[in-house]
Amino acid sequence: MTPYVILPKTKTRGFRDPCAIIENGVCHVYYTLVVQEENRQAFALAESVSTDLIHFSEPRILLPPDSAYNYSSPGNVFRHQGQYFICFQTYPRPNGEIYGNQDSRLFLMHSPDLIHWSEPELIRVKGDMPPEEMGRMIDPYILPETDGTFLCFFKQNGVSVSRSKDLIHWEFMGHAACGENVCVLRRNEWYAILHSPENGVGLLLSKDLKEFMDCGVSLLGCEGELWAKDRVTAGFALEHAGETLLFFHGDNEDEYVFGASLAMIRHFNLYEAFPKAKQYMNQM
């Protein structure tokens, strides 16, 4: 595995929490754009595109920087009924807090063309519960299931999971111990859950989202890399044309908090990164 930086941190911009989709030969990468201006910092939801997976465009801002909302941390993009959907969070820091406050919530937008997007809509992952009672929640990931339903994974008490038939009405299913920035792949009857513990990207396996097997943590070959010296995190796996691309970010906070660069690995091999995964799958 050979990681390489696709969007490097600057003194005024950081790039973190990636997700991606490839359509018509174009790779669209969505991420948290950290806008750093002297003592002021805000997040924006932004996109860069590439046709060669090496050179990526300058950021196109989908939702502008605003410390009261800080739209950020896109989980994934998927298609449903002729539309593209993207899920993400708010991360309010209106009083200069370092981390998002208790009003952090999950949102969804849709688009016919990946260019024009709807207004953000709250994902009511706790059903009919009033939004002010839902509690702090971040880092959504929505998995379309083969039966036409959807699972929304998000960070609250570890990883929490809700289910929906229509992306509007949700039923809360429960939670389990897990890191943040969840990305979920299907391997036959298995859920392969990439997540981020204190440092590195980890993998959990489950068949029923009730019992989980820990397959360990990988630093993705970033040991000794200056651009990722503080943390490697937020792994997102995109399966396309017979290969798996892994996007993630590396933290270097020497100049400002949340300073990070986006990186990727071509031809990512889940079992090479997490040898226990194949062992567990063969035993069960």
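To be clear, the structure that these remarks concern was listed above.
Residues numbered from 1 in each chain as written. Predicted model: local features only at pLDDT ≥ 70, side-chain atom pairs only at ≥ 80, totals over all residues. Heavy atoms only, no water.

A. Representation of the overall build of the chain. Along its length, the chain carries two helices and 20 strands. Relative to the globule expectation of 19 Å for 284 residues, the C-alpha radius of gyration of the chain, 18 Å, shows essentially globular dimensions. Per-residue burial over the chain gives 57% buried out of 284 residues. Partitioning the intrachain contacts of the chain with sequence separation of at least 6 by distance along the chain shows that 46% fall at a separation of at least 24. Working note: accessible area of the chain is about 12,900 Å², and carbon and sulfur atoms make up 49% of it. (Helix = DSSP H or I, 4+ residues; strand = E, 2+ residues; numbered from the N terminus. Rg over C-alpha atoms; globule rule 2.2 N^0.38 Å. Buried < 20%, exposed > 50% of the residue type's maximum accessible area, 1.4 Å probe, protein only. Contact = heavy atoms within 4.5 Å. Areas by Shrake-Rupley, 256 points an atom, 1.4 Å probe, with all protein chains shown as cover.)

B. Up close: empty space enclosed by the protein. If you walk through the whole model with that rule in mind, you get one cavity of 30 Å³ or more. Its volume calculated, the largest cavity comes out at about 90 Å³. Looking at the largest cavity, it is lined by 13 residues, and the ones nearest its centre are P18, P74, G75, N181 and V182. Contributing elements (two or more residues each) for the lining of the largest cavity: β2 (13-23), β10 (138-144), β14 (180-187) and β18 (231-240). Each residue belonging to the lining of the largest cavity can be placed in one class, and the counts come to seven nonpolar, four polar and two charged. (1 Å grid on protein atoms, 1.4 Å probe; cavity = no way out; pocket = protein on both sides within 12 Å on 5 of 7 lines; lining within 4 Å. Points joined across faces, edges and corners; volume = space filled by probe spheres on them. Nonpolar A, V, L, I, M, F, W, Y, C, P; charged D, E, K, R; others polar.)

C. Looking closely at the sheet that holds strand β15 (residues 190-196). With antiparallel pairing, four strands are arranged side by side in an open sheet as β14-β15-β16-β17. Looking at which strands have only one partner, the edges of the open sheet turn out to be β14 and β17 (213-218). Each strand of the sheet is rotated relative to its neighbour by a mean of 20°, with strand direction disregarded. Its contacts with the sheet put helix α2 (residues 275-283) on β14, β15, β16 (201-206) and β17, and the angle it makes with β17 is roughly 165°. (Pairing = 2+ DSSP bridges. Axes fitted to C-alpha atoms, helices over the stretch in contact; angles between N-to-C directions.)

D. Structural view of the nonpolar core. Within the largest apolar cluster, 75 residues are counted, with the highest numbers of intra-cluster contacts made by Y30, F153, L194, L220, F247, F248 and F274. For this core, the element with the highest residue contribution is strand β3 (residues 26-37), accounting for six residues. If we ignore the near neighbours within four places in the chain, the residues touching Y30 are D17, P18, C19, I21, A46, E47, L62, P74, V77, I86, L114 and W117. (Core = buried A, V, L, I, M, F, W, Y, C linked by side-chain atoms within 4.5 Å.)

E. Inspection of the sheet that holds β2 at higher detail. If you walk across this open sheet you meet the four strands as β2-β3-β4-β5, and the pairing is antiparallel. The open sheet terminates on both sides in strands that have one partner only, identified here as β2 and β5 (60-63). For this sheet the average axis-to-axis angle between neighbouring strands, irrespective of direction, equals 30°. Sheet topology note: the β3/strand β4 (residues 40-50) ladder contains 11 bridges and is antiparallel. Each bridged residue has a counterpart across the sheet, and for Y30 the counterpart in β4 is E47.

F. Geometry of unusual backbone geometry. The phi dihedral of N70 is positive, around 50°, even though this residue is not glycine. Its location among the elements puts N70 in the loop between β5 and β6 (77-80). Residue H267 is not a glycine yet carries a positive backbone phi of 55°. Within the element layout of this structure, H267 appears in the loop between β20 (260-265) and α1 (270-273). Look at H267 and you get exposed, because its relative accessible area is 56%.

G. A look at the side chain of S72. Examined against the element boundaries, S72 turns out to sit in the loop between β5 and β6. Side-chain polar atoms of S72 contact the backbone oxygen of N70, separated by 2.9 Å. Excluding its chain neighbours within four sequence positions, the residues that come into contact with S72 are T32, F43, F88, Q89 and Y91. (Polar contact = N/O pair within 3.5 Å; in protein donor to acceptor, adjacent residues only side chain to side chain.)

H. Up close: the pattern of salt bridges. In this structure the tally under the stated criterion is 14 salt bridges. A salt bridge links E37 to R40; the nearest nitrogen and oxygen atoms lie 3.4 Å apart. For R40, a relative accessible area of 42% corresponds to the partly exposed category. As a salt-bridge pair, K155 and E180 come within 2.9 Å of each other at their nearest N and O atoms. Here E180 lies in strand β14 and K155 lies in strand β11 (residues 150-155), a separation of 25 residues in the sequence. Among the residues examined, E180 registers a relative accessible area of 16% and is labelled buried. What emerges from the salt-bridge pattern is a single network uniting K155, E180 and R231. (Salt bridge = Lys/Arg side-chain N within 4 Å of Asp/Glu carboxyl O.)

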